[in-house]
Amino acid sequence: MDEQLKKLIDEVCCYPDPSPERQKALNRLLIVIQQLPGIYKSGHQDYLEALNLTWEWVSRKICGFEARSRSDSKGVSPSLQQSLVIWINGYLKWRIKDLYIPDSNYTISLDRPTRNDEGDETSLLNILPDSQSPITLDLLDIKIAQIQENRRQGVGERIRQYIEQDEEGKLTASCLRKNPECHCQLLAMRLLIENPPHKISDIARELNISNQTLYSHWKKNCLPLLREIGINFGYE
């Protein structure tokens, strides 16, 4: 499975975005990923909405995915499949949490631009199935997810604004002693908010530090700080 996943991911990422070839390769990859064991489940009535948003996110971010290399307590490194499931679940669980936050202001515009399978720009109104057509919950869910881009409402929106403004200076204060430019606000902006996200290797090269040093700072200092901020805004 690891070999199959790597081949499918490499195929997606070798094509320009957007392009018909990339979309076809992406569809093949998503069909396989959706069948992987371990994808997080929820009994919430709108679970499919969170799952659809996750597949849309995966479609945009898959080329930035990096398999985990750190071994567990038994000295066993996770497989690419396991790393991919952990990566997907990390995003999916946040989207499920969003479902429990009232958000009466969120609406979907039928005129919102999206792209069809051929890479051409269109709108939600043009790609919605005819009312007489049968509706399925596989590729149609992916299609719907493609037009629900960047849902940044409620708590998620407030967290994004907090990161961008950092009025209390908590994120910029958490930096490398020998390189104060490498602080958590910069990393959060580059890795989580900007689209497309930057690669850790590119940021490390720009700041003239090693990949391991940057990754260690992100994992040990920035992620716990971001989790604390999320909890303060209502995430449990």
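These lines cover the structure that appears in this document, whether it is placed above or below. Because the structure is predicted, anything quoted here is derived from the model rather than measured.

## Digging into the pattern of salt bridges
Step number 1: Across all of its chains, the model carries 7 salt bridges by this definition.
Step number 2: In this structure, aspartate 202 and arginine 205 form a salt bridge, with 3.0 Å as the shortest nitrogen-oxygen distance. Separated by 3 residues within a single helix, aspartate 202 and arginine 205 lie in helix 10 (residues 200–207), roughly one turn from each other.
Step number 3: A residue is classified by how much of its surface remains accessible, and aspartate 202, at 35% relative accessible area, is partly exposed.
Step number 4: We classify arginine 205 as exposed; its relative accessible area is 59%.

## Some remarks on the packing of aromatic side chains
In this description, an aromatic ring pair is defined by two values, namely the gap between the centres and the angle between the planes.
Step number 1: Throughout the structure, instances matching the rule amount to 3 aromatic pairs.
Step number 2: On the basis of an interplanar angle of 5 degrees and a centroid distance of 4.3 Å, the ring pair of tryptophan 57 and tyrosine 91 is categorised as stacked. With tryptophan 57 in helix 3 (residues 47–61) and tyrosine 91 in helix 4 (residues 80–99), the pair connects residues that are 34 residues apart, well separated along the chain. Like tryptophan 57, the residue tyrosine 91 is buried in the burial classification.
Step number 3: Taken together, the aromatic side chains of Trp57, Phe65, Trp87 and Tyr91 make up a single cluster linked through ring pairs.

## Things to note about the environment of isoleucine 39
Step number 1: Within the secondary structure layout, isoleucine 39 lies in the loop between helix 2 (20–33) and helix 3.
Step number 2: Classification of isoleucine 39 as buried rests on a relative accessible area of 7%.
Step number 3: In the structure, isoleucine 39 is positioned 53 residues away from leucine 92 in sequence and 8.7 Å away in space, judged by C-alpha atoms.
Step number 4: Setting aside its immediate chain neighbours within four residues, isoleucine 39 contacts Ile33, Tyr47, Leu51, Trp55, Val85, Ile88, Asn89 and Leu92.

## Topic: the environment of cysteine 182
Step number 1: In this structure, cysteine 182 sits in strand 4 (residues 179–183).
Step number 2: For cysteine 182, a relative accessible area of 0% corresponds to the buried category.
Step number 3: Spatially, the C-alpha atoms of cysteine 182 and alanine 204 are 8.9 Å apart, while their sequence positions differ by 22 residues.
Step number 4: Once residues within four sequence positions are removed from consideration, cysteine 182 is found in contact with Ser174, Cys175, Leu176, Leu187, Leu207, Ile209, Leu214 and His217.

Cut-offs used in this document
- Residues numbered from 1 in each chain as written.
- Predicted model: local features only at pLDDT ≥ 70, side-chain atom pairs only at ≥ 80, totals over all residues.
- Heavy atoms only, no water.
- Salt bridge = Lys/Arg side-chain N within 4 Å of Asp/Glu carboxyl O.
- Helix = DSSP H or I, 4+ residues; strand = E, 2+ residues; numbered from the N terminus.
- Buried < 20%, exposed > 50% of the residue type's maximum accessible area, 1.4 Å probe, protein only.
- Phe/Tyr/Trp six-rings, centres within 6.5 Å; stacked < 30°, edge-to-face > 60°.
- Contact = heavy atoms within 4.5 Å.

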